[in-house]
Amino acid sequence: MAIFLTGATGYIGAHVAANLLENYKDSLNVLVRAADPHEAEVRLWRALQLHLDFPRFHNHLNTRIHIFRGDLTGAQFGLGDDEYGRLVETTDSVIHCAASLNRKSEKSCLNVNLRGTLEVVRLAMHARDHHGLRRFSHVSTVAVAGKRSNEVVSEDAAIDWERSDYDPYARTKKFCEHMIRQLLPDTPKTMFRPSIVLGDSRHAETTQFDMVKAFVFLAGLPVLPFRPEDKLDIVNVDFVADAIATLHQKERPAFDTYHLSSGRESQSFRELTDALAAARGKRRPVFVPGLARPFSWLVNTLSNRRGAVGYETSLMKVFLPYLLWNTVFDNTRVTTELGRKPVPFSQYSYPLLEFSRENQFSYKYQDWPTASVGGSAA
Ligand SMILES: NC(=O)c1ccc[n+]([C@@H]2O[C@H](COP(=O)([O-])OP(=O)(O)OC[C@H]3O[C@@H](n4cnc5c(N)ncnc54)[C@H](OP(=O)(O)O)[C@@H]3O)[C@@H](O)[C@H]2O)c1
């Protein structure tokens, strides 16, 4: 029997996969998009090489990882009947981590997040009816809380159907939670809602640069258009992955929904920029909150442009609500149950920013070693 994990080639999903492979004995059924079996293996290796060396990865691949080459948006993930049957028969729990984070595309969020999650729920139902399903874990987001301002949001107060959402991503993720609760009423479920997941507290290396780019840009500005005491709820990916793996594997987690966030201990802009300025031996920036409106206007305008400027500012546009809403997500449930807390961003932000800048915001992936080509993919 195996855990069916979606999104293993993504940033958080790879951390979850590595955590499960290193700390537990379960097999993993992973859904990977690829044109052929070897491409699927190579894509998984790219995602996992931040965590495992090749011999270790290859050993897991041969013994505990079963790759199902498919797409969330296809019926039965695009798998043939035999393969889909094998997936149903060997899956005894689900961690659904894949999603479209393309906040600008309603179509992509609709297809991947809504149709895709429905397809994962259907798989869960088949497994439940065939031999029982131990747990369905869904990686959601704090963005399901919709438009907020100056709040500490608890898990139970987050979903409010009368409230507007920031974008199609938040709206579709909100409905995913609802759909799973409605369609799997008697299956043990866990909803995980990470806040801004940025960097690994254990090392500077990362494969995810979109939000780091926004940070590096802001960190370089002498004047910041924010209120210095506003808080930013940033959480380290190793905490998020550890919480997902631990609570998914636990027989009876205390709650069905967890904010994976820094909560009330989130740091303010002032704390973050002071720490960075000290680490870089530079002057702290000046805060001019009155510039927030013109800054937002500029970001909105430039983000519609083509080319590099348009792309970079569209990343900032995605990030902007999180910078301006001064809202944090209570994490008492997860910190109490795990007995540990996220690492404050100021403690690991400098190495992360330096690594990203020195490597021009790209990760130097290792190729698949030629001598080992030919592993098998189910
Ligand atoms: N990153 C954050 O700050 C953050 C914060 C809160 C919540 N979350 C949630 O965390 C989860 C993971 O996010 P992430 O940052 O790790 O995103 P990511 O790096 O973009 O990974 C997304 C994953 O979903 C897979 N995927 C997308 N469309 C698919 C499809 N049609 N069929 C099969 N797989 C598909 C991707 O596969 P490919 O490799 O083939 O593209 C990839 O493995 C998401 O549910 C997201 O909502 C993230």
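Residues numbered from 1 in each chain as written. Predicted model: local features only at pLDDT ≥ 70, side-chain atom pairs only at ≥ 80, totals over all residues. Heavy atoms only, no water.

Colleague: Describe the nonpolar core, listing the residues and the values that go with them.
Modeller: Residues Ile12, Val30, Leu44, Leu48, Phe57 and Ile244 are the most contacted members of the largest nonpolar core, which totals 44 residues. Among residues more than four places away in sequence, those in contact with Leu48 are Ala14, Ala17, Ala18, Leu21 and Phe57. Counting residues in hydrophobic clusters, the runner-up holds 36 residues, among them Val142, Ala143, Ala145 and Val212. (Core = buried A, V, L, I, M, F, W, Y, C linked by side-chain atoms within 4.5 Å. Buried < 20%, exposed > 50% of the residue type's maximum accessible area, 1.4 Å probe, protein only. Contact = heavy atoms within 4.5 Å.)

Colleague: So what about the environment of Pro342? Which residues, and what values?
Modeller: When you line up the elements, Pro342 lands in the loop between helix H12 (332-338) and helix H13 (349-358). The exposure class of Pro342 is buried, given its relative accessible area of 13%. Each C-alpha atom of the pair Pro342 and Arg305 lies 37 Å from the other, and the pair is 37 residues apart in sequence. Apart from the residues within four sequence positions on either side, Pro342 is in contact with Val235, Asn236, Phe239, Ser261, Ser262, Asn331 and Thr335. (Helix = DSSP H or I, 4+ residues; strand = E, 2+ residues; numbered from the N terminus.)

Colleague: Provide a residue-level description of helix H10 (residues 292-303), including the pertinent values.
Modeller: Spanning twelve residues, H10 covers 16 Å between terminal C-alpha atoms, matching the ideal 16 Å at 1.5 Å per step. Those residues of H10 not exposed but buried are Ala292, Phe295, Ser296, Val299, Leu302 and Ser303. Within H10, the buried residues cover an arc of 140° as seen down the axis, which keeps them to one side. For H10, the exposed residues lying more than 90 degrees away from the buried face are Arg293 and Trp297. (Expected span 1.5 Å × (residues − 1). Arc of directions from axis to C-beta.)

Colleague: I'd like a description of helix H6 (residues 168-183), backed by residues and values.
Modeller: Relative to the 22 Å expected for 16 residues at 1.5 Å per residue, H6 spans 22 Å between its end C-alpha atoms, a close match to the ideal helical length. Of the residues making up H6, those classed as buried are Pro168, Tyr169, Ala170, Thr172, Lys173, Lys174, Cys176, Glu177, Met179 and Ile180. Next to the buried residues of H6 lie helix H5 (106-131), strand S5 (136-139) and strand S7 (189-194).

Colleague: Would you mind going over the packing of aromatic side chains in detail, with residue names and values included?
Modeller: The full count for this structure, using the stated rule, is 20 aromatic pairs. Centre to centre, the rings of Phe209 and Phe361 are 6.4 Å apart; their planes meet at 90°, and the pair counts as edge-to-face. Pair noted here: Phe209 is in the loop between strand S8 (196-197) and helix H7 (210-219) and Phe361 is in the segment after H13, with a separation of 152 residues, a long-range link. Residue Phe361 is classed as partly exposed on the basis of its relative accessible area of 22%. Grouped by ring-pair contacts, the aromatic residues Trp45, Phe54, Phe57 and Trp368 constitute a single cluster. A cation over an aromatic ring shows up here: Arg46 above the ring of Tyr365, its NZ or CZ 3.8 Å from the ring centre. (Phe/Tyr/Trp six-rings, centres within 6.5 Å; stacked < 30°, edge-to-face > 60°. Lys NZ or Arg CZ within 6 Å of the ring centre and 35° of its normal.)

Colleague: Account for the state of the cysteines, with residues named and values stated.
Modeller: Scanning the entire structure with this criterion turns up zero disulfides. Cys97 forms no disulfide, and the closest cysteine sulfur to it belongs to Cys176, at a distance of 12 Å. Among the cysteines around Cys176, which has no disulfide bond, Cys109 carries the closest sulfur, lying 9.5 Å off. We classify Cys176 as buried; its relative accessible area is 1%. (Disulfide = S-S within 2.5 Å.)

Colleague: Mind laying out the site of the ligand, listing which residues take part and the relevant values?
Modeller: For the ligand, the set of nearby residues contains 23 residues, the closest of which are Thr9, Ile12, Arg43, Tyr169 and Lys173. Within the contact set of the ligand, an oxygen atom lies 3.3 Å away from a backbone nitrogen or oxygen of Gly7. For the ligand, an oxygen atom lies 2.7 Å from a polar atom in the side chain of Lys173. Contact with the protein chains hides 87% of the accessible area of the ligand, taken as 900 Å² for the molecule alone. For the shell around the ligand, the elements supplying multiple residues, two or more each, are helix H1 (11-23) and H6. (Near = heavy atom within 4 Å. Polar contact = N/O pair within 3.5 Å; in protein donor to acceptor, adjacent residues only side chain to side chain. Areas by Shrake-Rupley, 256 points an atom, 1.4 Å probe, with all protein chains shown as cover.)

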